[in-house]
Amino acid sequence: MASAAATAMAAPPSRAEILSLLRSLLRTASKFNDYNLREYVKRRSLDAFRENKSLSDPSLLASSFSDGKAQLEVAKRQVVVYSLYAPKVKSIMEIKQL
């Protein structure tokens, strides 16, 4: 409960911080070995940022930003887990791009 109050009282993130979070999410997405996961994380990240583009309430901005940071940490952990179990055969989409 204390963290919810801290998030509500936190200053809204700056534009630079928001763009840095987006770049970090996209950079993390590019580390997935599997084409489908890589594209899903990229698409989901961009969609979430577009959806929250019009937020102006500072508490909602801070809340969305902290959610984004939490998603970044999840994505980073998943990159490690999925790299342990990477498929041996490339996706047809990856073969076409070569």
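In the block above lies the structure referred to throughout.
Residues numbered from 1 in each chain as written. Predicted model: local features only at pLDDT ≥ 70, side-chain atom pairs only at ≥ 80, totals over all residues. Heavy atoms only, no water.

Colleague: How would you explain the pattern of salt bridges if you had to name every residue and give the values?
Modeller: The final tally for this structure, using the stated rule, is 2 salt bridges. Across the pair Lys 42 and Glu 39 runs a salt bridge, and its minimum N-O distance is 3.1 Å. Placement of both Lys 42 and Glu 39 in helix H3 (residues 35-51) is noted, with a separation of 3 residues, approximately one turn of the helix. Salt-bridge contacts for Arg 50 lead to Asp 47; the nearest nitrogen and oxygen are separated by 3.7 Å. On the criterion of helical spacing, the pair formed by Arg 50 and Asp 47 is a turn pair, its members being 3 residues apart in helix H3. (Salt bridge = Lys/Arg side-chain N within 4 Å of Asp/Glu carboxyl O. Helix = DSSP H or I, 4+ residues; strand = E, 2+ residues; numbered from the N terminus.)

Colleague: Break down helix H2 (residues 15-29) for me, citing the residues and quoting the values.
Modeller: The first and last C-alpha atoms of H2 sit 21 Å apart over 15 residues, in line with the 21 Å expected at 1.5 Å per residue. Among the residues of H2, those classed as buried are Leu 21, Leu 22, Ser 24, Leu 25, Thr 28 and Ala 29. Angular distribution of buried residues about the axis of H2 spans 160°; they occupy a single face of the element. Exposed residues lying more than 90 degrees from the buried face of H2 are Arg 15 and Ala 16. Where the residues of H2 are buried, they touch H3 and helix H4 (58-84). (Expected span 1.5 Å × (residues − 1). Buried < 20%, exposed > 50% of the residue type's maximum accessible area, 1.4 Å probe, protein only. Arc of directions from axis to C-beta. Contact = heavy atoms within 4.5 Å.)

Colleague: Give a detailed account of the packing of H2 against H4, specifying residues and quantitative values.
Modeller: A pair of packed helices is captured by two measures, namely the crossing angle of their axes and the spacing between those axes. With their axes 10 Å apart at the nearest point, H2 and H4 run at an angle of 20° to one another. The angle between H2 and H4 places the two elements in the roughly parallel class. The way H2 lies across H4 gives a crossing that is left-handed. Contacts from Glu 17, Ile 18, Leu 21, Ser 24, Leu 25 and Thr 28 of H2 reach H4 at Phe 65, Gly 68, Lys 69, Gln 71, Leu 72, Ala 75, Lys 76 and Val 79. (Axes fitted to C-alpha atoms, helices over the stretch in contact; angles between N-to-C directions. Parallel < 35°, antiparallel > 145°, perpendicular 65-115°, else oblique. Left-handed = near helix turned anticlockwise from the far one by under 90°.)

Colleague: Lay out the layout of surface pockets in plain terms, naming residues and giving numbers.
Modeller: Its boundaries defined by the atoms lining it, the largest pocket holds a volume of some 900 Å³. Around the largest pocket, the lining is made up of 31 residues, and of these Leu 25, Ser 45, Ala 48, Phe 49 and Asn 52 lie nearest the centre. Of all the elements in the fold, those that place two or more residues in the lining of the largest pocket are H2, H3 and H4. Across the lining of the largest pocket, the residue classes break down as 19 nonpolar, 6 polar and 6 charged. (1 Å grid on protein atoms, 1.4 Å probe; cavity = no way out; pocket = protein on both sides within 12 Å on 5 of 7 lines; lining within 4 Å. Points joined across faces, edges and corners; volume = space filled by probe spheres on them. Nonpolar A, V, L, I, M, F, W, Y, C, P; charged D, E, K, R; others polar.)

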